[in-house]
Amino acid sequence: MEPSPSGEEGKGSGRFCASEHQHARYNPLRDDWVLVSAHRVKRPWQGQLEKPSPEDVPRWDPNNPLCPGATRANGEVNPQYEGTFVFPNDFPALQPDAPEPGDSDHPLFRAAAARGVCKVMCFHPWSDVTLPLMSLAEIRAVIDAWAELVADLGASYPWVQIFENKGAMMGCSNPHPHCQVWASSFLPNEARLEDRTQQQHLSQHGVPMLLEYAEQEAHRKERLVVENRDWLVVVPYWATWPYQTLLLPRRHVCRLQELHEGERDSLASIMKRLLIKYDNLFEVSFPYSMGWHGAPTGSYLEEDCRHWQLHAHYYPPLLRSATVRKFMVGYEMLAQAQRDLTPEQAAERLRSVPEVHYKQRAEEMP
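Overview of the structure. (Residues numbered from 1 in each chain as written. Predicted model: local features only at pLDDT ≥ 70, side-chain atom pairs only at ≥ 80, totals over all residues. Heavy atoms only, no water.)

## Focus on the sheet that holds strand 7 (residues 224-227)
Sheet strands pair by backbone hydrogen bonding; their relative direction is either parallel or antiparallel.
Thought 1: A sheet is described by the order of its strands in space; here nine strands give the open sequence 3-4-6-5-10-11-9-8-7, paired in antiparallel fashion. The open sheet is flanked by strand 3 (85-88) and strand 7, the only strands paired with a single partner. Taken pair by pair, the neighbouring strands of this sheet meet at an average axis angle of 20°, ignoring direction.
Thought 2: Its contacts with the sheet put helix 6 (residues 343-351) on strand 7 and strand 9 (245-249), and the angle it makes with strand 7 is roughly 40°. (Pairing = 2+ DSSP bridges. Helix = DSSP H or I, 4+ residues; strand = E, 2+ residues; numbered from the N terminus. Axes fitted to C-alpha atoms, helices over the stretch in contact; angles between N-to-C directions. Contact = heavy atoms within 4.5 Å.)

In structure tokens form, the structure reads like this:
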């Protein structure tokens, strides 16, 4: 974001208030800016209303290809699994044996090889639970499976992307609790961008960017949502989505598989606390896309990656209620990202939400 030429912008008058006056915030992790226009959240909403996720999902459905014992599209029958279950994606976006594209005849028409593997990981045998409703031991098993997948696939591939799309609003076609894991022969755009910005920050400041950022946010508190001895969750200063959060370790750690036993236990705890708060905010199974970013793997395992800090992004779309979402269209697509409430307001709202799940509170009522 460049300053305007002399004479084309005014300094404005009065005292600046972030919750009342539009301003831009810099995202050092992406090297871009977001426009914060908190006053816009006051406007009346006459747009699209979303349909909340169904609350009456059957625990087991023989026609659901993710359920234990069900038959998938390729004819394979799932085992009667009782914990996590990992299997190859029946419709993978990446395959290990794709041929090389031909040479380009012009610099404007370039192609490159893209190979990899795609896996699906079920979190739990029941379709009517989600991570915030699972026990700490069950969430810990998910974390262990994630770390094992990154280590196994990362032995061959430079990038292993774990991601969960939760809810139909985020394009999830199956309510059964699950995530996907894509390992690629190349560094995707977001990974290359974060590699560059974190490397530049370490070079210029002598400390990993997100390690320094976590220390700053732990001290400032205003964007803190939850924390424990090993982890903290913040609505980042540069957040784009209304209730976007960033999950960060307190110590310097580059990859999931490097977490020790205690950190995995405390990670399960803070994930559960965050996701309960999400669900309780509008008393709905809160939709989001989330994913882990850590240092590249494959050949990068032999390189110096200390500029990296492990972290997880959570991108939820809901803005005002269970039925009103934030749309990234128009200005956001053609100019730059824009948000309708400050990160500090979002963090305060999440902090104030109870840490007992609304479904469990209802069950406890006489």
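That was the structure; now back to the text.
## Thoughts on the packing of aromatic side chains
Thought 1: Applying the stated rule across the entire model yields 15 aromatic pairs.
Thought 2: Taken together, the ring pairs connect Tyr-243, Tyr-278, Phe-282, Phe-286, Tyr-288 and Tyr-314 into an aromatic cluster.
Thought 3: One residue, Arg-25, lies across the ring of Tyr-237, its end atom 4.4 Å from the ring centre.
Thought 4: We note Arg-59 situated over the ring of Trp-126; from NZ or CZ to the ring centre the distance is 3.6 Å. (Phe/Tyr/Trp six-rings, centres within 6.5 Å; stacked < 30°, edge-to-face > 60°. Lys NZ or Arg CZ within 6 Å of the ring centre and 35° of its normal.)

## Regarding the nonpolar core
Nonpolar side chains tend toward joint burial in soluble globular proteins.
Thought 1: Residues Trp-146, Leu-247, Trp-292 and Tyr-314 are the most contacted members of the largest nonpolar core, which totals 57 residues.
Thought 2: Setting aside its immediate chain neighbours within four residues, Tyr-314 contacts Gln-244, Thr-245, Leu-247, Met-271, Leu-274, Leu-275, Tyr-278, Tyr-288, Ser-289 and Met-290.
Thought 3: If you look at the next biggest cluster of nonpolar residues, it comprises 12 residues, including Tyr-213, Ala-214, Val-234 and Leu-246. (Core = buried A, V, L, I, M, F, W, Y, C linked by side-chain atoms within 4.5 Å. Buried < 20%, exposed > 50% of the residue type's maximum accessible area, 1.4 Å probe, protein only.)

## Side note on the packing of helix 2 (residues 189-205) against helix 3 (residues 209-220)
Thought 1: Orientation of helix 2 relative to helix 3, taken along the N-to-C sense of each, is 75°, at an axis distance of 8 Å. Taken together, the axes of helix 2 and helix 3 lie roughly perpendicular to each other. Here Thr-197, Gln-198 and His-201 of helix 2 come into contact with helix 3, specifically with Met-209, Leu-210 and Glu-212.
Thought 2: Taken together, the residues that form the contact of helix 2 with helix 3 break down as two nonpolar, three polar and one charged. (Parallel < 35°, antiparallel > 145°, perpendicular 65-115°, else oblique. Nonpolar A, V, L, I, M, F, W, Y, C, P; charged D, E, K, R; others polar.)

## Topic: the packing of helix 4 (residues 261-282) against helix 6
Thought 1: Relative orientation of the contacting elements helix 4 and helix 6 amounts to 95°, with a least axis distance of 9 Å. Between helix 4 and helix 6, the angle falls in the class roughly perpendicular. Residue-level inspection shows Lys-277, Tyr-278 and Leu-281 of helix 4 in contact with helix 6, the latter providing Arg-349, Leu-350 and Arg-351.
Thought 2: Looking at the contact of helix 4 with helix 6 residue by residue, the classes come out as three nonpolar, no polar and three charged.

## Looking at the environment of Pro-79
Thought 1: Position of Pro-79 relative to the elements: it lies in the loop between strand 2 (32-36) and strand 3.
Thought 2: The partly exposed category is assigned to Pro-79, whose relative accessible area is 39%.
Thought 3: The sequence separation of Pro-79 and His-201 amounts to 122 residues, and the corresponding C-alpha distance is 47 Å.
Thought 4: Those residues within four positions of Pro-79 in sequence are excluded, and the remaining contacts are Pro-68, Gly-69 and Phe-85.

## Examining helix 2
Thought 1: Taking 1.5 Å of rise per residue, the 17 residues of helix 2 would be expected to cover 24 Å, and the 24 Å separating its terminal C-alpha atoms lies within 8% of that figure.
Thought 2: Along helix 2, the residues classified as buried are Ala-191, Leu-193, Glu-194, Asp-195, Thr-197, Gln-198, His-201 and Leu-202.
Thought 3: Positive phi appears at Gly-206, one or two residues downstream of helix 2, with a value of about 75°. (Expected span 1.5 Å × (residues − 1).)

Nothing here speaks to function; it is all geometry.
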